[in-house]
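Structural features, examined
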Amino acid sequence: MNHATVRVQYGMAQFVEQCAAHGYAGVSVWGAEVEKVGFATARSMIADHGLFVFGYNRAGPLMGPDFHRKDEAMDAARREIDRAAEIGADHVMLFPGGFVSGEKDLSGARQRFAEMAKVLLDHAKTAGIRLALEPLHPMLVGDRTCMGTLRHANDLCDRLGEGTGIVVDAHHVWWDEALEPEIARAGAADRILAFHVNDWLLPTRHRLTDRGMMGDGIIDLKGMWRSILGAGYDGPLEVEIFSEDWWAEPGDRVLEIAMQRCREIFDGDTDA
Ligand code: ZN
């Protein structure tokens with residue numbers, strides 16, 4: 001369970017407690033929330049509840065309107081990578097960020113991101129943690145990322161080499177005609193780090209905060225899960241829903257429904 005799903009309802013302690021109570025096996029965490037209780041406390045809190053830390057959010061944004069402060073952004077990203085390793089996460093999300101103010105150069109942004117990722121990869125290797133690339137929906141390109149497809153993420157991983165991997169997020173990639181071959185390609189390279197589950201609602205009223213609960217939208221989640229398993233992935237499912245609607249619900253109801261839907265859709269394989 002990704003903390004963002006219930007970030008409005010729960011601080012770190014309650015989040016961990018409630019996830020354990022609802023039968024989740026692990027949590028994905030956000031640095032800002034962990035910081036509120038302290039890294040050492042969060043780490044033991046999670047361990048005491050028998051949970052593991054899956055994803056750590058996040059290193060970045062690296063670019064965006066404040067790109068003139070690139071060195072600061074890189075230092076901050078290095079710090080987050082260290083913290084991700086410190087809390088024992090499986091992988092750390094690398095978040096590119098959007099365009100520099102006034103820029104219109106997408107290929108330039110891609111090149112810059114690749115170069116920055118290369119530098120951070122060396123740091124992540126030293127810290128002993130994998131760097132996760134997550135392609136976002138193309139409507140977020142320019143605003144939050146320069147990487148809008150699995151193919152782009154796969155190409156970048158080929159270029160960067162060992163120590164990088166891909167997070168497949170249903171909401172971001174479900175529409176892609178190359179979804180299956182690119183999942184297979186990522187699997188063949190043993191680089192699928194996580195599968196984020198949620199759904200695409202019709203209509204989707206907001207690009208960032210109107211994700212659906214699994215089963216409420218139009219994504220063939222079962223089919224996607226089969227492709228991912230078929231590509232050799234043997235990790236957990238991760239529930240990640242940014243939604244004003246679900247943030248307005250009691251947290252325990254959200255956790256309960258999410259678990260129920262996972263059981264229904266993913267054939268009881270709910271190692272989330
Ligand atoms: Zn995601």
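For the structure, see preceding data.
Residues numbered from 1 in each chain as written. Predicted model: local features only at pLDDT ≥ 70, side-chain atom pairs only at ≥ 80, totals over all residues. Heavy atoms only, no water.

**Details of the environment of phenylalanine 113**
- Mapping phenylalanine 113 onto the fold places it in helix H5 (residues 106–127).
- Taking the C-alpha atoms as reference points, phenylalanine 113 and proline 96, separated by 17 residues in sequence, lie 6.5 Å from one another.
- Not counting chain neighbours up to four residues away, the residues in contact with phenylalanine 113 comprise Leu62, Met63, Leu94, Pro96, Leu133, Cys146, Met147 and Leu156. (Helix = DSSP H or I, 4+ residues; strand = E, 2+ residues; numbered from the N terminus. Contact = heavy atoms within 4.5 Å.)

**Some thoughts on the packing of helix H4 (residues 70–86) against H5**
- Remark: H4 packs on H5, axes separated minimally by 10 Å, with the N-to-C direction vectors making an angle of 30°. Here H4 is positioned roughly parallel relative to H5, judged by the angle of their axes. For the pair H4 and H5, the sense of crossing is right-handed. Residues Lys70, Met74, Ala77, Arg78, Ile81, Asp82 and Ala85 of H4 form the contact with H5, whose participating residues are Met116, Val119, Leu120, His123, Ala124 and Ala127.
- When its residues are assigned to classes, the contact of H4 with H5 shows nine nonpolar, one polar and three charged. (Axes fitted to C-alpha atoms, helices over the stretch in contact; angles between N-to-C directions. Parallel < 35°, antiparallel > 145°, perpendicular 65-115°, else oblique. Left-handed = near helix turned anticlockwise from the far one by under 90°. Nonpolar A, V, L, I, M, F, W, Y, C, P; charged D, E, K, R; others polar.)

**Looking at the coordination of the zinc ion**
- Taken together, the protein donors to the zinc ion comprise Glu134 (OE), Asp169 (OD), His196 (ND1) and Glu240 (OE), at separations of 2.0 to 2.1 Å.
- Each of the four donor atoms around the zinc ion contributes to a set of angles spanning 85 to 167°, which defines the coordination as irregular.
- Aspartate 169 gets classed as buried once you look at its relative accessible area, which sits at 0%. (Donors = N, O, S within 2.8 Å, 3.2 Å for Na, K, Ca; no water. Tetrahedral: all angles 85-135°; square planar, octahedral: opposite > 155°, others 65-115°. Buried < 20%, exposed > 50% of the residue type's maximum accessible area, 1.4 Å probe, protein only.)

**Notes on the layout of surface pockets**
- The space that makes up the largest pocket amounts to roughly 360 Å³.
- Lining the largest pocket are 21 residues, with Trp30, Arg58, Phe95, Arg144 and Phe242 positioned closest to its centre.
- Grouping the amino acids of the lining of the largest pocket by side-chain chemistry returns ten nonpolar, four polar and seven charged.
- A volume near 160 Å³ is recorded for the second largest pocket.
- What lines the second largest pocket is a set of 14 residues, and nearest its centre among them are Asp190, Ile192, Tyr233, Asp234 and Gly235. (1 Å grid on protein atoms, 1.4 Å probe; cavity = no way out; pocket = protein on both sides within 12 Å on 5 of 7 lines; lining within 4 Å. Points joined across faces, edges and corners; volume = space filled by probe spheres on them.)

**Re the nonpolar core**
- One finds Phe195 and Met214 to be the most contacted residues of the largest nonpolar core, which totals 87 residues.
- With eight residues, H5 is the largest single contributor of residues to this core. (Core = buried A, V, L, I, M, F, W, Y, C linked by side-chain atoms within 4.5 Å.)

**Some thoughts on the packing of aromatic side chains**
- The full count for this structure, using the stated rule, is eight aromatic pairs.
- Ring geometry for phenylalanine 52 against phenylalanine 54: centres 6.1 Å apart, planes inclined by 85°, an arrangement best described as edge-to-face.
- Residue phenylalanine 52 is classed as partly exposed on the basis of its relative accessible area, which comes to 32%.
- Since its relative accessible area comes to 7%, phenylalanine 54 is described here as buried. (Phe/Tyr/Trp six-rings, centres within 6.5 Å; stacked < 30°, edge-to-face > 60°.)

**Details of the side chain of threonine 164**
- Structurally, threonine 164 can be placed in strand E5 (residues 164–169).
- For threonine 164, the residues in contact, after removing those within four places along its chain, are Leu121, Leu131, Cys157 and Arg191.

**Things to note about helix H9 (residues 221–230)**
- Within H9 the residues assigned to the buried category are Leu221, Gly223, Met224, Trp225, Ser227 and Ile228.
- Buried residues along H9 sit against E5, helix H7 (170–173), helix H8 (179–188), strand E6 (192–197), strand E7 (237–239) and helix H11 (251–265).
- Looking at the residues trailing H9, positive phi occurs at glycine 232, about 100°.

**A closer look at helix H6 (residues 150–160)**
- Listed in full, the buried residues belonging to H6 are Leu150, His152, Ala153, Asn154, Leu156, Cys157 and Leu160.
- Summarising the contacts, the buried residues of H6 are in contact with H5, strand E4 (130–133), E5, H7 and H8.
- The positive-phi residue at the C-terminal boundary of H6 is glycine 161, with phi of around 85°.

**Some details on the pattern of salt bridges**
- Inspection of the entire model under this criterion finds 19 salt bridges.
- With a closest N to O distance of 3.1 Å, glutamate 33 and lysine 36 form a salt bridge. Here glutamate 33 pairs with lysine 36, and both are found in helix H2 (residues 31–37), just three residues apart, close to one helical turn.
- The exposure class assigned to glutamate 33 is buried, which follows from its relative accessible area of 16%. (Salt bridge = Lys/Arg side-chain N within 4 Å of Asp/Glu carboxyl O.)

**Concerning the sheet that holds strand E3 (residues 91–94)**
- One open sheet holds the seven strands; their spatial order is E1-E2-E3-E4-E5-E6-E7, and the pairing between them is parallel. Here the strands that pair on one side only, and so sit at the sheet edges, are strand E1 (26–30) and E7. Going across the sheet, the axis of each strand differs from the next one's by a mean of 30°, ignoring polarity.
- Bridge analysis of E5 against E6 gives four bridges, and the strand direction is parallel. Counted as the bridge partner of valine 167 is alanine 194 from E6. (Pairing = 2+ DSSP bridges.)

Don't take any of this as a statement about function, it's just geometry.
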